[in-house]
Amino acid sequence: MTDEKLKFGFYWAASCGGCEIAVLDIDEKILDVAAKADILFWPVAVDTKYKDVEAMPDGHMDVCFFNGAVRTSEQEEMAHLLRRKSKVLVSFGSCAVTGGIPGLANVADRDEVFHTAYIENPSTENPEGVVPLTEFEVEEGKLELPEFYDTVKALHQVVDVDYYLPGCPPPTELIVQAVTAIFEGTLPEKGSVIAPSKSVCDECKFERSEKKITRIRRIYEVDELEDKCLLEQGILCMGPATRGGCGARCLNANMPCTGCGGPTPGSLDQGGKMISALASILGLEGEEALSDEEVERLLDDVVDPVGTFYKYGLPTALIRRRVKK
Amino acid sequence: MEEFEPSVIAFLCNWCSYAGADLAGTSRLKYPPNVRDIRLMCSGRVDPVFILDALKEGADGVLVAGCHPGDCHYQSGNYKTNRKVRLIRRLLSDLNIEPDRVRFEYISASEGQKFADVVTDFVGQLKEMGPSPLKEECK
C-alpha cells in the first residue's frame, strides 16, 4: 500500500438512508477509514457538488459505494458519472443490488405511483391534482425536475458494477470485510458478492428438523414461539432462499427472514426458490387426501405473493415488473 | 396476417406423462405441433424457477404434467408440484399475466388421448389469449 490516501465516494439513489447509517455502524473503524482514505463525495455528509465530481478526471476515485436503486433520470445520470469517475464501483445494499423496497414500485407505473402519493393519499390535500412535471414555465424561466421512470432498476442494470454488498442494510461485518479488502488490496474477482455463499438458515440459531406445516401463520397469530425453525412453526421465513452473511440477525430477534440478502448463489430467482420450498412443506400431512379447493385455501394464507417473495428483489427477478396494461 | 402460433413448453414426468405423450405419438394421434416437451424424472422436479424462466424466455404457455394422485413413482412429487403451480399462478396474476398460461394436468402412461386433448385445448386457449405480454416486457 502506498502512503497516499485512497479516495472514496458514497452516493445514495432510491433508498431510505439506512445504508448511510450502516457505514457509521462500523463504529470506531470509521476512524481507520478516515485515516486511510479521503472522502471526496458523500452527499449526506460532505458538501461536494455534482459539478465537482464532473470536474474530476476519469477514474479519479479509488472506490465508490453506491446505495439505492435507480428510478429517476438524475440517479441514472449519477450512476453513469460515478462509474466513469471511479476505479471500483460497489453496489451497496439491497436497493442497489436487487432493487430493494423501492423496487416493489414495479407493481405499478409512474402515473399510479403519483396518483397514490400526490392525490389519493388520505393525508394529502391537493385539490388541483398537481403532480411532478419534468418541466414547468414560470415568469423567471423554465424549471426542471428529473424524470421519474415507470420501472425501478438495480444498479448493475444501468452500469457495470465491480462488487456487490447485499443486505438491508449490509451487515457491519461485511462492510468491514469489504473495506479491509480494499485497503489490503485483497478484493476478490470482479463481479463477486461480498458475502458468504450459504443461506441464512446456516447461521440461524433455531433447531431444524423435518419440515411439514399444516398452515401458514402470520406473526400476530403466534402467541408463544417455540424454540425451533420458524418455518416449521408455520411462519413464513425467507431464510432458505436467502443469502446469509447477516448472522441471521432478524432470527436472533425472533423475527422471520424477509429476504434482504438476495438470492443464494446460482439461483436465478429468489421468489421462485421460496415458492418451491414452501409448496414442498405446506399441507404435507395427508396431502393425498386434500382436494384442490383445500389446497387453494391453504395458499390463501400467502396474502401478498409478490411482496412476500420479492420484498427486496422484484427488479432483478426473472419477471421484473407487473405487465403494463 | 398469419395466425398466431403459441409456443408451449411442457415439463413431463418420466413415468407417466412423457410415456403418455409417447403413446400419443405411437398411436398417431393428431395434436398441434406447438409444444416442446422436456422430460424430467418427476413432476416434482419442476422448480418454479423453470416456469418463470420459460415465460421470460418467450414461452406463451407452460404445461406441467405428472402422474395421477396416488400414482407418483416417488410417492408425492405430483402433490408438491400441484401446489407450486397454484402458487405460481397466483404470483402471475398479481403481475398482470394471465394465470391460465401455466397449467398443471395429471396424465398417465396410458392416456395418450388425454395428452393430445390437453395440448389441443391448451394451444387453442393460448391462441385466444394471444402472445405472452412478457415478450414485450422482457425485451
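No experiment lies behind these values; they were computed from the predicted model shown.

A. Fine view of the domain arrangement of chain A. Residue and element names in this part refer to chain A. The assigned domain composition of chain A is domain 1 (6-101 + 154-184), domain 2 (104-149) and domain 3 (200-316). Each of domain 1 and domain 3 has a C-alpha centre, and the two are 32 Å apart. Contact residues are listed per partner, giving 14 residues for domain 1 and 12 residues for domain 3. Sorting elements by how many residues they give to the side of domain 1 that touches domain 3 places helix α5 (residues 94-98) first, with 3 residues. For the side of domain 1 that touches domain 3, the residue count by class is 8 nonpolar, 6 polar and no charged.

B. Layout of the interface of chain B and chain A. Contact residues are listed per partner, giving 27 residues for chain B and 24 residues for chain A. Sorting the residues of the side of chain B that touches chain A by element identifies α2 (48-56), α3 (77-94) and α5 (134-137) of chain B as the ones contributing at least two each. A breakdown of the residues in the side of chain B that touches chain A according to their chemical character gives 13 nonpolar, 4 polar and 10 charged.

C. The nonpolar core, seen in detail. Formed by 78 residues in total, the largest nonpolar core has its most connected members in V8(B), C13(B), I51(B) and V62(B). Looking at this core, the element that brings in the most residues is helix α4 (residues 112-129) of chain B, giving 7 residues. If near-sequence neighbours (up to four positions away) are discounted, C13(B) is found in contact with Y18(B), L40(B), C42(B), S43(B), A65(B), G66(B) and C67(B). Listed in part, the 45 residues of the second largest apolar core include C19(A), V158(A), L174(A) and V179(A).

D. Structural view of the sheet that holds strand β1 (residues 6-12) of chain A. Residues and elements named next belong to chain A. Strand order in the open sheet made by the 5 strands is β2-β1-β3-β5-β9, with parallel pairing throughout. Both edges of this open sheet fall to β2 (37-41) and β9 (163-165), since each of them pairs with a single strand only. With strand direction ignored, the average angle separating the axes of adjacent strands in the sheet is 25°. As judged from the 4 bridges shared by β1 and β2, these two strands associate in the parallel manner. Bridging across to β2, G9 finds its partner in F41. Seen against the sheet, helix α4 (residues 73-85) touches β1, β3 (61-67) and β5 (86-92) and runs at an angle of roughly 135° to β5. Strands in contact with helix α7 (residues 172-184) are β1, β3, β5 and β9; relative to β9, the strand with the most contacts, it is inclined by about 155°.

E. Structural detail: the sheet that holds strand β3 (residues 61-66) of chain B. Residues and elements named next belong to chain B. Here 4 strands make up an open sheet; going across it, the order is β2-β1-β3-β4 and the pairing parallel. Each edge of the open sheet is held by one strand with a lone partner, namely β2 (35-40) and β4 (102-106). Recorded for the sheet is a direction-independent mean angle of 20° between the axes of neighbouring strands. Bridge count for β3 against β4 is 5 bridges, and the pairing is parallel. Looking at the pairing, V64 lines up with F104 of β4. Its contacts with the sheet place helix α1 (residues 17-26) against β1 (8-13), β2 and β3, and it is angled at close to 115° to β1. Of the strands in this sheet, β3 and β4 are in contact with α3, which crosses β4 at around 160°.

Cut-offs and rules
- Residues numbered from 1 in each chain as written.
- Chains lettered and ligands numbered in written order.
- Predicted model: local features only at pLDDT ≥ 70, side-chain atom pairs only at ≥ 80, totals over all residues.
- Domains from an automatic or database assignment.
- Contact = placed C-beta atoms within 7 Å.
- Helix = DSSP H or I, 4+ residues; strand = E, 2+ residues; numbered from the N terminus.
- Nonpolar A, V, L, I, M, F, W, Y, C, P; charged D, E, K, R; others polar.
- Core = buried A, V, L, I, M, F, W, Y, C linked by C-beta atoms within 7 Å.
- Buried ≥ 20, exposed ≤ 12 C-beta atoms within 10 Å, placed from the backbone.
- Pairing = 2+ DSSP bridges.
- Axes fitted to C-alpha atoms, helices over the stretch in contact; angles between N-to-C directions.

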